[in-house]
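Analysis of the macromolecular model
One-letter residues, chain by chain:
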Amino acid sequence: MPIIPPPTPAPSPPPQPSSYSSTEPETVAHISAFASLSPAARRKYLHSLIQECTPSELLFLSTTIAPLLKRDFLRALPPEVSLYILSFIDDPRTLARAALVSRYWNELVKDEYLWKTMCIRHGFSRDAEAVESYRREHLPSQPQDEQTGSCTGGSDAEARRSPLFSPRGLQPSHSQGDGFPYRNFFIYEYLRTSNWLHKGKLLRIHRALLHPAAPDPSMPGQLVQAQDQGPLTNPAIPTSIAIDSQWVVVGLANSRIHIFSARTGVLSRTLIGHESGVWAVALISEGGQPLGRDTSCFPPEGDPLVAGKPQDAGLTPALRIAVGLDKAGESAKMRARTRSMPDPFADRGKAGRTPRSGKPSYPNGASDGWGQPSALVVSGGCDKELRIWDVKSGYCIYTLRGHTSTIRCLKVLHGRPLAVSGSRDRTVRVWDVQRGRLLRVLEGHTQSVRCLDACGSRVVSGSYDCTCRVWDVDTGECLHVLRGHFHQIYTVAFDGVRIASGGLDTIVRVWDAETGVCLALLQGHTALVCQLQLTPTMLATGGSDGRVITFSLRSANFSIVQRLAAHDSSVSGLQLDERFLVTSGNDGRVRLYEFERGAAAGARGGGGGGGRGAGDGEGDPQCRFVRDMCEPSESVWKVAYTRETCAILSKKAGKMVVEIWSFKP
């Protein structure tokens, strides 16, 4: 059979001229006559013509003319001017919608200068720790130029200028050469803040019986409790907490220490070794930078009269690496990754915030490491022993003895392997936690040492003898004795410049750390002051009366900024930063407040149960109640948080409950 080829498709029609263009002589004559008219006559002619049009013809004119009138004004301007116009937008959602207008606008909005300005306006530039944390988490392999100190590498694609600028040969005048991804940083911080304001993700809930089940006397091998004895073990009540970006450490009255992952909420380790209740824990974050000389080559010198013998000779190679005595390849990589980099927002004047005496301790119980590759836990309690633990392996590295009564408080200095402990034996002791030995015994208090705070190489201790003492841990010298309280001191705060102390006399006293002079006597609480925190511009206090009061440090009279009726019972926890204030109480609630500045603060006033006191300082941030951070419980023992994680320790249905929340985008 003959093969019939398939039919050939017809060729596509050539493009046709517009159906409305005409070459008719009459039309051409009208167009020529219109073109020869004066501008005034042309407008009069068009007005008369429009009057004769039908509605459908007017609609046709409208749809034809509208696209001709559209003009991209940003494209018509130099890029510098376009960026300057866009910099007046303070709502990131508006800037994001502008990026959808056109490809050119999208490239303009990607400019890093706009997002740096947005970071400053939204307060994301005030927290240097947030910038450094973002670099560690998201730019781990970012190299640093040795001469300029600028960072290059992973963020170049985001930081480089749009090729749309190149045809004109122009570059925006606000060029950023540091290579920091301001746009990505803003998006991350904006989403994190939104998660805090609305609701984060509950990673895990852990429940445990406060009291162990009673033994069955019919079972062989069971220890039967005598009628005149107390419980066989102490209840699993949380007594202390420390948290960083990787771990949550909880000390319990039943001598256990639980370690949870701050990223997953999983219970990673339970440290067993203490014979009695644990009353103080401190978490030393992995990495960091040593302050001063290398501690592995130049160990801290102690008082020769009391200094103990180092215990590091008997450590296994793995534990020597864990405490930073032996350098491993991973340790060197970590130090290179965690070395400090220039602050991209340093021009905002934050460089001078660090006190001359050093870096204040963190309110969440953690401290910066000295370059060791493993996180460490330091704990103390009723068995009078100080223990140093390796978080990764769970091994107890050292057991340090010296105190003759319960260890009540504990601090670890930033970037140095020095721990300072206060005890009911009326002494403050300084320990070398890297080599496992006692360095100094600081004596002077006549009653139990209840609280400690540290900044740099100086430590402030508060005691039941109604005094505070300022110590230099390197020399063991007592620099100042702060007298003025009439009852026992329960809490102190120290930022290197000022010292705040509070106790049973319901008074908060503020002292000059350099001279020891009392600067102010702050009133407002009607019961025990049990919580204090200092920031560069504010002092926050919490009491057994359920009140939280913020005082301004900008003025010489330390005026009250805000009084918050935060809880119906004693305030059990208080922590704040540049943006948020978190409080917990024995009424079973955890409350989140947000600081507002400027007009927004003045308009809202003291929402959420608070109000302004007379004589409040102008320009100080006001906080508004945002939400309860968890379901109500019988009582909340502790709360602590980092930028991305919050741990809440509470009592529900007779059980100890640990809730770990994540606000990570």
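Please refer to the structure higher up on the page.
Fair warning: this is a prediction, and the values are worked out from it, not measured in the lab. (Residues numbered from 1 in each chain as written. Predicted model: local features only at pLDDT ≥ 70, side-chain atom pairs only at ≥ 80, totals over all residues. Heavy atoms only, no water.)

Quick look at the packing of aromatic side chains
- For the coordinates displayed, the defined rule picks out 16 aromatic pairs.
- Relative to Phe 186, the ring of Phe 124 has its centre 5.3 Å away and its plane inclined at 55 degrees; by these criteria the two rings are tilted. Taken together, the residues Phe 124 in the loop between helix H8 (112-121) and helix H9 (128-138) and Phe 186 in helix H11 (residues 182-197) connect sequence positions 62 residues apart. Considered together, Phe 124 and Phe 186 belong to a single accessibility category, that of buried residues.
- Members of the aromatic cluster, each reached through a chain of ring pairs, are Tyr 134, Phe 180, Tyr 182, Phe 185 and Tyr 188. (Phe/Tyr/Trp six-rings, centres within 6.5 Å; stacked < 30°, edge-to-face > 60°. Helix = DSSP H or I, 4+ residues; strand = E, 2+ residues; numbered from the N terminus. Buried < 20%, exposed > 50% of the residue type's maximum accessible area, 1.4 Å probe, protein only.)

A short note on H8
- Buried residues dominate H8, accounting for 8 of its 10 residues.
- Turning to H8, its buried residues number three or more, namely Glu 112, Tyr 113, Leu 114, Trp 115, Lys 116, Thr 117, Met 118 and Cys 119.
- Among the residues of H8, the N-terminal cap falls to Asp 111, whose side-chain oxygen and the backbone nitrogen of Tyr 113 are separated by 2.9 Å.
- In the segment just after H8, Gly 123 is the residue with positive phi, at about 80 degrees. (Polar contact = N/O pair within 3.5 Å; in protein donor to acceptor, adjacent residues only side chain to side chain.)

As for a nonpolar patch on the surface
- Together, Ile 50, Leu 58, Phe 60, Leu 61, Ile 65 and Leu 69 make up a nonpolar patch on the protein surface, roughly 530 Å² of accessible area in all.
- One can find Phe 60 in helix H3 (residues 55-69).
- We classify Phe 60 as partly exposed; its relative accessible area is 38%. (Patch = residues over 30% accessible without salt bridge, like charges linked within 9 Å, V, L, I, M, F, W, Y side chains within 5 Å. Areas by Shrake-Rupley, 256 points an atom, 1.4 Å probe, with all protein chains shown as cover. Salt bridge = Lys/Arg side-chain N within 4 Å of Asp/Glu carboxyl O.)

Details of the sheet that holds strand S35 (residues 645-652)
- The sheet built from 4 strands is open, its strands ordered S1-S36-S35-S34 with antiparallel pairing. Unpaired on one side and paired on the other, strand S1 (201-209) and strand S34 (635-641) mark the two borders of the sheet. Averaged over neighbouring strand pairs, the angle between their axes works out to 15 degrees when direction is ignored.
- Here 6 bridges tie S34 to S35, and the two strands are oriented antiparallel to one another. (Pairing = 2+ DSSP bridges. Axes fitted to C-alpha atoms, helices over the stretch in contact; angles between N-to-C directions.)

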